[in-house]
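Here is what each chain is made of, one letter per residue.
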Amino acid sequence: MTNKILVTGGAGYIGSHTCIALHETGYEVVVYDNLSNSSREAINRVSTLIGQTIEFIEGDIRDAEMLRQVFTSREFFGVIHFAGLKAVGESVAKPLLYYNNNVSGTINLLEVMAEYNIKNLVFSSSATVYGDPESLPIDENSPRSCTNPYGQSKLTVEHILEDLAVSDDSWNLVALRYFNPVGAHSSGQIGEDPNDIPNNLMPYISQVAVGKLKKLSIFGDDYPTIDGTGVRDFIHVTDLAQGHVSALNYLEQLTSSRSPSDMAKSVGFLPINLGTGKGTSVLELVNAFTEVTGRDIPHQFTGRRAGDIASCYASADKAKTLLGWQAELSIADMCQDTWRWQSQNPSGYNSH
Ligand code: NAD
Ligand code: UD1
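Residues numbered from 1 in each chain as written. Chains lettered and ligands numbered in written order. Predicted model: local features only at pLDDT ≥ 70, side-chain atom pairs only at ≥ 80, totals over all residues. Heavy atoms only, no water.

### Let's talk about the side chain of Arg-177
Here's step 1: Position of Arg-177 among the secondary structure elements: in strand β6 (residues 172-178).
Here's step 2: The class for Arg-177 is buried, based on a relative accessible area of 1%.
Here's step 3: A distance of 3.3 Å separates a polar side-chain atom of Arg-177 from the backbone oxygen of Glu-140.
Here's step 4: Among the polar contacts made by the side chain of Arg-177, one reaches the side chain of Glu-158 at a distance of 2.7 Å. (Helix = DSSP H or I, 4+ residues; strand = E, 2+ residues; numbered from the N terminus. Buried < 20%, exposed > 50% of the residue type's maximum accessible area, 1.4 Å probe, protein only. Polar contact = N/O pair within 3.5 Å; in protein donor to acceptor, adjacent residues only side chain to side chain.)

The structure is reproduced here in structure tokens:
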């Protein structure tokens, strides 16, 4: 069986870390990315870190012809599909762009995969599909709902994958629902590199720490949480990357033990949370960052951000039982590694 994996969006934040984890486990990686939110430098650095040139193809998932060329000349075990746009605010301003890129792009990819009989997919979903959760921790059977086009695009893709699995039971479609990915590779060489002023908490904190931004605004101090600030399940990107390897290992074991008459062993549509199972408040994260790095993070409390929920953390049991995966790294590791990346690369991949 081939161990080649097509990684769409592999030049991005989570994709680049996953390429390293895949390589370390013996998978062969081909990255397919249109570089709309990433740079070639990320791929160069991944290549340096693994001591081998990563095969990189600049292309768009909406370009069926280009994808066909990729599938014609290579034999893949499956696809990890990170490619997508992810900014909630931008998705409200540009819904058609988000549906086109994230939904139409994924349909296009699935059609080409079907043409080449590649039926193993690991899809980047999000805890955002749970909306405002009814109960905590959130398990995979919790009701789903979304309030913005970004979240809706993820939920729509999940529905498409469910319908596809019903229509043809040879598909293995794993939707990994990430909670809040933070941190960077322990080398400090790759990390999150937002284009503009960050929307997300950890990159904002680290840019305040490095002096690029003056002050953090903490959105809300009156939530029904431990200290009034929002609570999230922050997960180290290295743990998250390992979760993808575990998902692929699971599919490999399953498909290699399957005889032609035993098709029932396909997983169909399989949603799995990737979180730590622990909630940390915004203020706790800010204090942890200061404690670990010695950098003061000036902050002020402002009103709640529209669309935010009070608390969100995962039940991580399914990933542990099914994939044998659990998060290992601590909040201190997340802060330390974010800071190493940020302080060594104050302007991200444009720093050198
Ligand atoms: P990212 O923006 O760093 O990476 C996404 C990559 O996809 C980028 O390199 C971008 O250039 C590429 N891309 C976008 N549209 C493309 C297209 N049409 N064709 C080819 N390449 C395309 O984002 P990330 O944080 O690494 O997220 C990866 C995936 O995980 C995304 O689908 C995102 O929605 C999802 N996700 C991210 C988070 C998070 O907090 N980072 C949380 C939950 C889910
Ligand atoms: C956000 C998105 C979610 C997406 C996820 C990962 C919204 C409403 N949700 O989740 O769809 O999947 O990012 O990309 O945008 N905070 C501050 N000050 C800041 C930034 C954030 O106090 O400058 C707080 C927020 O109010 C929240 C917590 O920090 O309580 C985490 O925020 P963030 O990192 O943006 O993640 P989410 O809102 O959980």
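### Details of the nonpolar core
Here's step 1: With 47 residues, the main nonpolar core has Leu-22, Ile-54, Val-122, Val-174, Leu-176 and Leu-248 as its most contacted residues.
Here's step 2: Breaking this core down by element, the ones donating at least two residues are β1 (4-8), α1 (13-24), β2 (28-33), α2 (40-50), β6, α8 (237-256), β11 (268-274) and α10 (317-323).
Here's step 3: Ranked by residue count, the leading element in this core is α8, at 9 residues.
Here's step 4: Among all residues touching Leu-22, those that are not within four sequence positions of it are Val-7, Tyr-27, Val-29, Ile-80, Val-245 and Leu-248.
Here's step 5: Of all hydrophobic cores here, the second largest spans 27 residues; its members include Val-70, Phe-76, Val-103 and Val-112. (Core = buried A, V, L, I, M, F, W, Y, C linked by side-chain atoms within 4.5 Å. Contact = heavy atoms within 4.5 Å.)

### Here's the deal with the packing of aromatic side chains
Here's step 1: Enumeration according to the criterion identifies 5 aromatic pairs in this entry.
Here's step 2: In this structure an aromatic cluster arises from ring pairing among Phe-71, Phe-76 and Tyr-116.
Here's step 3: Residue placement shows Arg-304 over the ring face of Tyr-223; its charged tip is 4.1 Å from the ring centre. (Phe/Tyr/Trp six-rings, centres within 6.5 Å; stacked < 30°, edge-to-face > 60°. Lys NZ or Arg CZ within 6 Å of the ring centre and 35° of its normal.)

### What to know about the site of ligand 1
Here's step 1: Near ligand 1 lie 27 residues; those nearest to it are Asp-33, Asn-37, Ser-38, Phe-82 and Tyr-150.
Here's step 2: Interatomic distance of 3.1 Å between a side-chain N/O atom of Asp-60 and a nitrogen atom of ligand 1.
Here's step 3: The separation between an oxygen atom of ligand 1 and a polar side-chain atom of Lys-154 is 2.8 Å.
Here's step 4: For ligand 1, the accessible surface in isolation is 820 Å², of which the surrounding protein chains cover 95%.
Here's step 5: Among the secondary structure elements, those contributing two or more residues to the shell around ligand 1 are α1, β5 (120-126) and α6 (149-167).
Here's step 6: By residue number, the principal contributor to the shell around ligand 1 is β5, which donates 3 residues. (Near = heavy atom within 4 Å. Areas by Shrake-Rupley, 256 points an atom, 1.4 Å probe, with all protein chains shown as cover.)

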